[in-house]
Amino acid sequence: NAGVTQTPKFRVLKTGQSMTLLCAQDMNHEYMYWYRQDPGMGLRLIHYSVGEGTTAKGEVPDGYNVSRLKKQNFLLGLESAAPSQTSVYFCASSYPARIGGYTFGSGTRLTVV
Amino acid sequence: QKEVEQDPGPLSVPEGAIVSLNCTYSNSAFQYFMWYRQYSRKGPELLMYTYSSGNKEDGRFTAQVDKSSKYISLFIRDSQPSDSATYLCAMRLQGTSYGKLTFGQGTILTVHP
């Protein structure tokens, strides 16, 4: 099925460990985004990309890095995980001119202990 | 103060009821208004979007935007148990280069048989 696939779906990390979340889309979308969702905070933009080889910071970029080496993939890295990064992470993609037309993945539930 | 405020609920209604979900916002430059539906353990999916002020209807769903009051609403008629989900409002500035959306916190809705 066409869409946005996130891996892994669940992960538990110890403080200080590193990990990479993978997002893959097969819709040939130019734009890709990483959001985190926390209770009472809604969805907050971490980083985004407007095309292959480009990345930019969103609202809450500290502690995260991203890469977009291929158009279909957008990676989110945590170099040294902290308990404050416990959250549900969503990847999304869209065409540039499509209003509101984000396609979201199913999310990655990350717990940092 | 958050740019977009949304009552998190939870909201519980009987099947067949009319549901009203609302968001207020502070940035008068928002031009595009969206409602997303998010089922448990899933990513958000676009339900409706409107441009500037006015109403838009799609089946049992009606979206209203009142820019003078900085207030948007989503009405669900003849609510069904399958409508039980979290509803997120989202807004976007006109001409934003990367399609950034600002989300409300989400309202948890339960429709009981």
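Below, the structure is looked at part by part. (Residues numbered from 1 in each chain as written. Chains lettered and ligands numbered in written order. Predicted model: local features only at pLDDT ≥ 70, side-chain atom pairs only at ≥ 80, totals over all residues. Heavy atoms only, no water.)

### Remarks on the interface of chain B and chain A
Note the cut-off: Contacts: residue pairs with any heavy atoms within 4.5 Å of one another. Buried area is a sum: the accessible area each of two parts loses on coming together, probed at 1.4 Å, counted once for each and added. In the sections that follow, a salt bridge refers to a side-chain nitrogen of Lys or Arg positioned within 4 Å of a carboxyl oxygen of Asp or Glu. Polar contact criterion, stated in full: a pair of N or O atoms within 3.5 Å, where within protein one must be able to donate a hydrogen and the other to accept it, and residues adjacent in sequence count only if both atoms are side-chain atoms. For helices the rule is a DSSP run of H or I covering at least 4 residues; for strands it is a run of E covering at least 2, with both sets numbered from the N terminus onward. Any residue outside Ala, Val, Leu, Ile, Met, Phe, Trp, Tyr, Cys, Pro, Asp, Glu, Lys and Arg is labelled polar, Gly included; the first ten of those are nonpolar and the last four are charged.
At the interface, 21 residues of chain B touch 24 residues of chain A. Summing the contributions of chain B and of chain A, the shared interface buries around 1,800 Å²; its carbon and sulfur component is 57%. The interface formed by chain B and chain A includes zero salt bridges. Remark: the boundary between chain B and chain A carries one residue pair in polar contact (both at pLDDT 80 or more). Looking at the side of chain B that touches chain A, the elements with two or more residues in it are strand 4 (30-38), strand 5 (45-51) and strand 9 (85-93) of chain B. For the side of chain B that touches chain A, the element with the most residues is strand 4 of chain B, which contributes four residues. Considering only residue class, the side of chain B that touches chain A consists of ten nonpolar, six polar and five charged.

### A closer look at the sheet that holds strand 8 (residues 71-76) of chain B
The strands making up a sheet are joined through hydrogen bonds of the backbone, oriented either antiparallel or parallel. All names here are of chain B. Basically, it comes down to this: In short, DSSP must find at least two bridges between two strands for them to pair. Every axis in this analysis is a line fitted to C-alpha atoms, fitted for helices over the stretch in contact. Angles between the N-to-C directions lie between 0 and 180 degrees.
Sheet architecture is open: five strands sit in the order 1-3-8-7-6, paired in antiparallel fashion. Looking at which strands have only one partner, the edges of the open sheet turn out to be strand 1 (4-6) and strand 6 (54-58). Put simply, the sheet's adjacent strands are angled 15° from each other on average, direction ignored. Relative to strand 3 (residues 19-25), strand 1 runs antiparallel, the two being bridged by three bridges.

### Focus: the sheet that holds strand 8 (residues 73-78) of chain A
All names here are of chain A. On the basis of which strands lie adjacent, the open sheet formed by four strands has the order 1-3-8-7 and antiparallel pairing. The open sheet has two edge strands, strand 1 (4-7) and strand 7 (64-67), and neither has a second partner. The mean angle between the axes of side-by-side strands here comes to 20°, regardless of whether they run parallel or antiparallel. Pairing between strand 7 and strand 8: four bridges, direction antiparallel. Note on strand 8: the bridge partner recorded for Ser67 is Leu75.

### Description of the packing of aromatic side chains
For the record, the criterion: Each Phe, Tyr or Trp ring (for Trp, its six-membered ring) is paired with any other whose centre lies within 6.5 Å, and the angle between the two planes then decides the class: stacked below 30 degrees, edge-to-face above 60, tilted in between. Think of it in three bands: with a 1.4 Å probe and only protein chains considered, a residue is buried below 20% of the maximum accessible area for its type, exposed above 50%, and partly exposed in between.
Inspection of the entire model under this criterion finds 15 aromatic pairs over all chains. Summarising the aromatic geometry, the rings of Phe90 of chain A and Phe104 of chain A are spaced 6.4 Å apart at their centres and angled 85° between planes, so their arrangement reads as edge-to-face. Here Phe104 of chain A lies in strand 10 (residues 103-104) and Phe90 of chain A lies in strand 9 (residues 87-94), a separation of 14 residues in the sequence. Judged by centre distance (5.7 Å) and plane angle (55°), the ring pair of Tyr36 of chain B and Phe103 of chain B falls under tilted. Here Phe103 of chain B lies in strand 10 (residues 102-103) and Tyr36 of chain B lies in strand 4, a separation of 67 residues in the sequence. For the pair formed by Tyr36 of chain B and Phe103 of chain B, the shared burial category is buried.

### Quick look at the pairing of strand 5 (residues 42-49) of chain A
All names here are of chain A. Counting buried residues along strand 5, eight of its eight residues qualify, which places the element largely inside the surrounding structure. Alignment of strand 4 (residues 31-38) against strand 5, held across seven bridges, turns out to be antiparallel. By the bridge assignment, Asp38 is partnered in strand 5 with Gly42. The hairpin turn running from strand 4 into strand 5, its antiparallel successor, is three residues long, and Gly40 in that turn takes a positive phi close to 80°. Note: strand 5 against strand 6 (residues 56-57), two bridges, orientation antiparallel. Of the residues in strand 6, the one forming a bridge with His47 is Lys57. Hairpin connection between strand 5 and strand 6: a loop of six residues separates the two successive antiparallel strands, and Gly53 in this loop has a positive phi of roughly 85°.

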